[in-house]
Every structure is written in structure tokens, then in C-alpha cells.
Amino acid sequence: MRGCAILFSEMKPAPEWEEKFNRWYDTEHIPIRMGLRGFVSAQRYAASERNYLAVYEMDDLAALRTVAYQAIKQHPSEETAWMLRNVSGFTRYLCEEIGRAGDDSPEALDAPVLYAVWFNVPGEHLADFDAWYEQDHVPLLLECPQWRAVRRFHVKDGEPGRYNRLALHYLDDAGALESPARAKARATPWRARLADQPWFKGAYDLFDRHQARQRPPL
């Protein structure tokens, strides 16, 4: 259910064909990928204004280089080609997991809320940033009972943003973002020192789980 790499992809359909989009995503787009070697699972999410996210779990990024995957990318169905031409808000990021903390059970990934945090950290600051996130920031966040788990990723490639770090926070409730634990995590001396750097500008996205997780057929 959880892999060592993810494909993080957003799309936004027009309101007049949103239902058609969701049916296509659930019955064609994801199931085809679940039949390919290296794909472990896929979970869809929704945000405001019809923005939809899919997080594909993979054994590793080699799953995207197989002959079978390249065949479906290069020869999409007519409906798939139409959808990809007409959606907006498209993002696609390839990420490798570099750390995890909190609830390590399979159920943690099915938390109702996903909070994504992106940073583009200069190479000379990466070691300090990673140490802060893992040793200072995440332990304090996890003091909140609704903060189930945190996974950290190195962003290998993607568009349209330019990031090299992604943290996925799995929450039982969006109210965790207003918790004393988060306020405490954002008020430490270590964070204050990093926040003084001009590059310390995160991008933040909040999603609600949409539909059940899909897995490869048995």
C-alpha cells in the first residue's frame, strides 16, 4: 500500500464535465496503472474549487520507466487524451521518500486529510533544513493526537513549481493545523533561524480524501 516513491499529480476539470472526469479517473486512469509492475496503490484527494489530486505509491521511480507504462503514456485512449487536453491546474511531481515519522500502520495513509508542504532549499542549506524538520519540527507536530504521520520526500522532478522537498502530513482532522502543537512547532529558535533566510518560503496545500484507495488486483 505504501511505496518508496510517489507520483503526485493534480488536475482540475470544468464543472460541466466534473462527473465524467471522476468516473474516468476511478474506472480507467487509476485501474490501468494498478495493473502495471511497480505500482503499489493510489489515493485520490479533493480540494476546493474542483481541484483533484492523486498520489500514486510505487516501489520506486523505475515503475515509470517500464515498457508497459511508456506504452500507456504514449498511446492513451481517446477519452484519456481528451481529458489531458482539457483539464487545467495540472501538476506532476516525482518524489522519493527520505523519511517518515508517526503512525507507521497502513491505516495512517488513509487519514481523512492530507496536508502537503513544499520547499525549494538551496543545496548548502539542505542538511540543516532536513535536520530541523526531522529532529525539531516533526516531533512537536506529532504531539497533536490528530497529527497521524509525516512522510518526507526528495522531489526528483516535476512541474510547474520548482521544489526539492515535499512533506506529506496525514491528519485526522484539519483542525490539527490550529493546534497548540503546531503553534509550538512553528515557534522554536531553530525554525526562527531558518525563517530568516530568503529562500524559506513554503507552499502549502490541503486536501480531503476522495474515494477509497485503489490497489493492484489480487
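Values in this document were obtained by computation on a predicted structure and should not be read as measured data.

Definitions and limits used
- Residues numbered from 1 in each chain as written.
- Predicted model: local features only at pLDDT ≥ 70, side-chain atom pairs only at ≥ 80, totals over all residues.
- Heavy atoms only, no water.
- Helix = DSSP H or I, 4+ residues; strand = E, 2+ residues; numbered from the N terminus.
- Rg over C-alpha atoms; globule rule 2.2 N^0.38 Å.
- Contact = heavy atoms within 4.5 Å.
- Areas by Shrake-Rupley, 256 points an atom, 1.4 Å probe, with all protein chains shown as cover.
- Lys, Arg positive; Asp, Glu negative; His and termini not counted.
- Charge placed at Lys NZ, Arg CZ, Asp CG, Glu CD.
- Pairing = 2+ DSSP bridges.
- Core = buried A, V, L, I, M, F, W, Y, C linked by side-chain atoms within 4.5 Å.
- Buried < 20%, exposed > 50% of the residue type's maximum accessible area, 1.4 Å probe, protein only.

Caption draft 1: Spatial organisation of the overall build of the chain. Along its length, the chain carries six helices and eight strands. Along its sequence from the N terminus, the chain presents helices and strands in the succession β-α-β-β-α-α-β-β-α-β-β-α-α-β. By the compact-globule yardstick of 17 Å for 218 residues, the chain fits well, its C-alpha radius of gyration being 18 Å. Each of the three principal axes of the chain carries a C-alpha extent, and together these read 55 × 35 × 35 Å. Within the chain, counting contacts between residues at least 6 apart in sequence, those at least 24 apart form 80% of the total. When the accessible surface of the chain is totalled, it reaches about 10,500 Å², and 51% of it is carbon and sulfur. Averaging the locations of the 28 positively and 32 negatively charged side chains of the chain gives two centres separated by 3 Å.

Caption draft 2: Local environment of the pairing of strand β4 (residues 88-102). In terms of strand pairing, strand β1 (residues 5-12) meets β4 through seven bridges, oriented antiparallel. Within the sheet, the bridge partner assigned to Glu-10 lies in β4 and is Thr-91. Inspection of the sheet shows β4 paired to strand β6 (residues 147-159) by 10 bridges, in the antiparallel sense. Counterpart to Glu-96 in the pairing with β6 is His-154.

Caption draft 3: Geometry of the nonpolar core. In this structure, Phe-21, Tyr-25, Phe-39, Tyr-56, Met-58 and Leu-64 are the most contacted members of the largest nonpolar core, which totals 25 residues. Contributing elements (two or more residues each) for this core: β1, α1 (18-34), β2 (39-46) and β3 (52-58). No other element matches the five residues that α1 contributes to this core. With sequence-adjacent residues up to four places away left out, Leu-64 is seen in contact with Phe-39, Met-58, Tyr-69, Gln-70, Arg-92 and Leu-94. Ranked by size, the runner-up nonpolar core spans 24 residues in total, among them Trp-132, Leu-140, Cys-144 and Ala-181.

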